[in-house]
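# Tertiary structure, described
Residue strings, one per chain:
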Amino acid sequence: MPIEKTLVVIKPDGMKRRLAGLAIDRLENAGFELIGAKVVSVTEKLAHEHYALLKGQPFFPNLIKFIMGDYHDVSNRRVLAMVYRGENAIKGVRAVVGATSPEDAAPGTIRNAFGRINSKAGYYENVVHASGNAMEADREVKIWFKPEELVE
Ligand code: GDP
Ligand code: MG
């Protein structure tokens, strides 16, 4: 099985609800290795780069605001960005995180247990971002981390 790297971001809802430690614990127990981590205040530029492939979706404007922390704590905007490495890490981390919508996420996943849909505002509070495939993982790790920030 290939050794892969993948990006995980504890989103502003996860930070506000103090779920970062729980997510790290689950990923650690699943056998993935943490090789980079930092707290980031997401700029509009970074948000647009990160979600470039979703531009044009109806929820895109909300998504940009969400990842920048506009809906959770504007005075303390932050996410925790991490890179995990391991055998089949991309699919494996997604299996720990769960499907995009908390309503579809399988029992036992982070998004099933802790995610919710904010129906009033119309966005998903799904706690964690994880790269969806090899192309995304490669792209996203490069957007968020300089090579010297990863321990390899
Ligand atoms: P992910 O890889 O599972 O995070 O899902 P995507 O890459 O498809 O979408 C990125 C993020 O956009 C998701 O994590 C959600 O926060 C949001 N999103 C995706 N699909 C929808 C949707 O149909 N409605 C809303 N409101 N948000 C969505
Ligand atoms: Mg995705």
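Reference entry: report on the structure contained in this document.

## Some points on the site of ligand 1
Around ligand 1, the surrounding shell consists of Lys11, Tyr51, Leu54, Phe59, Leu63, Arg94, Thr100, Arg111, Gly122, Tyr123, Tyr124 and Asn126. Taken by itself ligand 1 offers 540 Å² of open surface, and the protein chains cover 78% of this. Residue composition of the shell around ligand 1, grouped by class: six nonpolar, three polar and three charged.

## Topic: the pattern of salt bridges
Note that side chains of opposite charge can pair when their charged atoms are close. Taken as a whole, this structure holds eight salt bridges when the rule is applied. Between lysine 38 and glutamate 149 there is a salt bridge, and its shortest N-O distance comes to 3.0 Å. Here glutamate 149 lies in the segment after helix 7 (134-144) and lysine 38 lies in strand 2 (residues 33-40), a separation of 111 residues in the sequence. Look at lysine 38 and you get partly exposed, because its relative accessible area is 25%. Note that glutamate 152 is salt-bridged to arginine 85, the shortest N-O span being 4.0 Å. Placement of glutamate 152 in the segment after helix 7 and of arginine 85 in strand 3 (residues 79-87) is noted, with a sequence separation of 67 residues between them. Among the residues examined, glutamate 152 registers a relative accessible area of 61% and is labelled exposed. What you see here is one network of salt bridges that share partners, running through Lys5, Glu33, Arg85 and Glu152.

## Side note on the sheet that holds strand 6 (residues 128-130)
In space, the four strands of this open sheet follow the order 2-3-1-6, with antiparallel pairing throughout. The outermost strands of the open sheet, each flanked by one partner alone, are strand 2 and strand 6. Each adjacent strand pair in this sheet contributes to an overall mean axis angle of 20 degrees, direction not counted. Sheet analysis places strand 1 (residues 3-10) next to strand 3, joined by eight bridges and oriented antiparallel. By the bridge assignment for strand 3, threonine 6 is matched with tyrosine 84. Seen against the sheet, helix 2 (residues 20-29) touches strand 1, strand 3 and strand 6 and runs at an angle of roughly 5 degrees to strand 3.

## With respect to helix 2
When we look at burial in helix 2, the residues that qualify are Ala20, Ala23 and Leu27. Seen along its axis, helix 2 keeps its buried residues to an arc of 65 degrees; they face one direction. Those residues of helix 2 that are exposed and aimed more than 90 degrees away from the buried face are Glu28 and Asn29. Contacts from the buried residues of helix 2 go to strand 1, helix 1 (12-16), strand 3, helix 5 (89-97), helix 6 (110-114) and strand 6. Positive phi shows up at glycine 31, right after helix 2, with a value of about 100 degrees.

## Quick word on the packing of aromatic side chains
Evaluation of the coordinates by the stated rule reveals three aromatic pairs. Centroid distance phenylalanine 66 to tyrosine 123: 5.2 Å. Interplanar angle 70 degrees. Geometry classified as edge-to-face. Residue phenylalanine 66 is found in helix 4 (residues 60-68), and its partner tyrosine 123 is found in strand 5 (residues 123-125); the two are separated by 57 residues along the sequence. On the basis of relative accessibility, which here comes to 3%, the residue phenylalanine 66 falls in the buried class. Taken together, a centroid distance of 4.5 Å and an interplanar angle of 20 degrees make the contact between tyrosine 71 and tyrosine 123 stacked. Here tyrosine 123 lies in strand 5 and tyrosine 71 lies in the loop between helix 4 and strand 3, a separation of 52 residues in the sequence. Here tyrosine 71 falls in the partly exposed class, since its relative accessible area comes to 27%.

What counts, and at which threshold
- Residues numbered from 1 in each chain as written.
- Chains lettered and ligands numbered in written order.
- Predicted model: local features only at pLDDT ≥ 70, side-chain atom pairs only at ≥ 80, totals over all residues.
- Heavy atoms only, no water.
- Near = heavy atom within 4 Å.
- Areas by Shrake-Rupley, 256 points an atom, 1.4 Å probe, with all protein chains shown as cover.
- Nonpolar A, V, L, I, M, F, W, Y, C, P; charged D, E, K, R; others polar.
- Salt bridge = Lys/Arg side-chain N within 4 Å of Asp/Glu carboxyl O.
- Helix = DSSP H or I, 4+ residues; strand = E, 2+ residues; numbered from the N terminus.
- Buried < 20%, exposed > 50% of the residue type's maximum accessible area, 1.4 Å probe, protein only.
- Pairing = 2+ DSSP bridges.
- Axes fitted to C-alpha atoms, helices over the stretch in contact; angles between N-to-C directions.
- Contact = heavy atoms within 4.5 Å.
- Arc of directions from axis to C-beta.
- Phe/Tyr/Trp six-rings, centres within 6.5 Å; stacked < 30°, edge-to-face > 60°.

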